[in-house]
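Chain by chain, the residues run as shown.
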Amino acid sequence: ACLGPDFVIPILKSGEGKGEKGEKGEEGGTLDTPSLSLTQGSLVKEIHSTILLNSVALYCMKRDLNRAKRTLAQHLSTLGDGEVSVQATMLLIYIELRQGNTESALSILKERQINLPLIST
């Protein structure tokens, strides 16, 4: 059965007895919903995003940069404006540098206003 987008994940508060509003959990805890609950839709989106970013990192480690870039583009297409994480940005910069696109990598750094610490030698 498919759960709707308003599905709320219950949180088990261990060590608590059965409350007036809660249901008895397996280990004697009370099932309760958090004030900032995760809907199934937001949880699925977060998991999908994490899997895609991990896949990009894996492809980078395997030096399959074309596949890494395609997967990263897929990840970025699911995000709204201003939602691009630092991890996604750094992966994109890494891919650009590995492909020899130094100017493009610098452009991304400037566009996203990421300041890297200066390393003194």
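One can find the structure itself at the top, above this paragraph.
Everything numeric here is computed off the predicted structure, so don't read it as measured data. (Residues numbered from 1 in each chain as written. Predicted model: local features only at pLDDT ≥ 70, side-chain atom pairs only at ≥ 80, totals over all residues. Heavy atoms only, no water.)

Bringing the overall build of the chain into the picture now. Counting secondary structure elements, the chain contains four helices and three strands. Listing every helix and strand of the chain by position from the N terminus yields β-β-β-α-α-α-α. Of all 121 residues assigned to the chain, the portion counted as buried reaches 22%. In the structure as shown, the chain presents an accessible area of about 9,200 Å², 54% of it carried by carbon and sulfur atoms. (Helix = DSSP H or I, 4+ residues; strand = E, 2+ residues; numbered from the N terminus. Buried < 20%, exposed > 50% of the residue type's maximum accessible area, 1.4 Å probe, protein only. Areas by Shrake-Rupley, 256 points an atom, 1.4 Å probe, with all protein chains shown as cover.)

Here we come to the side chain of threonine 89. With respect to the helices, strands and loops of the structure, threonine 89 is situated in helix α3 (residues 86-98). Taking the relative accessible area as the measure of exposure, threonine 89 reaches 4% and is therefore buried. Here arginine 112 takes part through its side chain, which lies 3.0 Å from a polar atom of the side chain of threonine 89. (Polar contact = N/O pair within 3.5 Å; in protein donor to acceptor, adjacent residues only side chain to side chain.)

Counted by the stated rule, this structure contains two salt bridges. A salt bridge links lysine 69 to glutamate 96; the nearest nitrogen and oxygen atoms lie 2.6 Å apart. In this pair, lysine 69 is assigned in helix α2 (residues 65-77) and glutamate 96 in helix α3, connecting sequence segments 27 residues apart. A residue is classified by how much of its surface remains accessible, and lysine 69, at 29% relative accessible area, is partly exposed. (Salt bridge = Lys/Arg side-chain N within 4 Å of Asp/Glu carboxyl O.)

With that out of the way, let us pick up α2. A rise of 1.5 Å per residue sets the reference length of α2, with its 13 residues, at 18 Å; its end C-alpha atoms lie 18 Å apart and thus fit the reference within 8%. Among the residues making up α2, those that are buried are Leu65, Ala68, Thr71, Leu72 and His75. Along the long axis of α2, the arc covered by the buried residues comes to 125°, so they all point the same way. The exposed set on the far side of α2, more than 90 degrees from its buried face, consists of Asn66, Arg70 and Ser77. In this structure, the buried residues of α2 make contact with α1 (40-61) and α3. (Expected span 1.5 Å × (residues − 1). Arc of directions from axis to C-beta. Contact = heavy atoms within 4.5 Å.)

Okay, the nonpolar core next. The biggest cluster of nonpolar side chains holds 15 residues, and the ones touching the most others in it are Val56, Cys60, Ala68, Leu72, Leu91 and Ile95. Looking at this core, the elements with two or more residues in it are α1, α2, α3 and α4 (102-112). Ranked by residues supplied to this core, first place goes to α3 with five residues. In contact with isoleucine 95, not counting residues within four places along its chain, are Val56, Cys60, Leu65, Ala68, Lys69 and Leu72. (Core = buried A, V, L, I, M, F, W, Y, C linked by side-chain atoms within 4.5 Å.)

The next thing to look at is α1. The end-to-end C-alpha distance of α1, which contains 22 residues, comes to 32 Å, matching closely the 32 Å that a straight helix rising 1.5 Å per residue would cover. Along its buried surface, α1 packs onto α2 and α3. The positive-phi residue at the C-terminal boundary of α1 is arginine 63, with phi of around 60°.

Where α3 contacts α4, the two axes come as close as 7 Å, and the packing angle between them is 160°. Taken as axis vectors, α3 and α4 run roughly antiparallel relative to one another. In this structure, α3 crosses over α4, and the sense of that crossing is left-handed. Residues Thr89, Leu92, Ile93, Glu96 and Leu97 of α3 form the contact with α4, whose own contacting residues are Thr102, Ser104, Ala105, Ile108, Leu109 and Arg112. When grouped by side-chain class, the residues that make up the contact of α3 with α4 number six nonpolar, three polar and two charged. (Axes fitted to C-alpha atoms, helices over the stretch in contact; angles between N-to-C directions. Parallel < 35°, antiparallel > 145°, perpendicular 65-115°, else oblique. Left-handed = near helix turned anticlockwise from the far one by under 90°. Nonpolar A, V, L, I, M, F, W, Y, C, P; charged D, E, K, R; others polar.)

In short, geometric facts, not functional conclusions.
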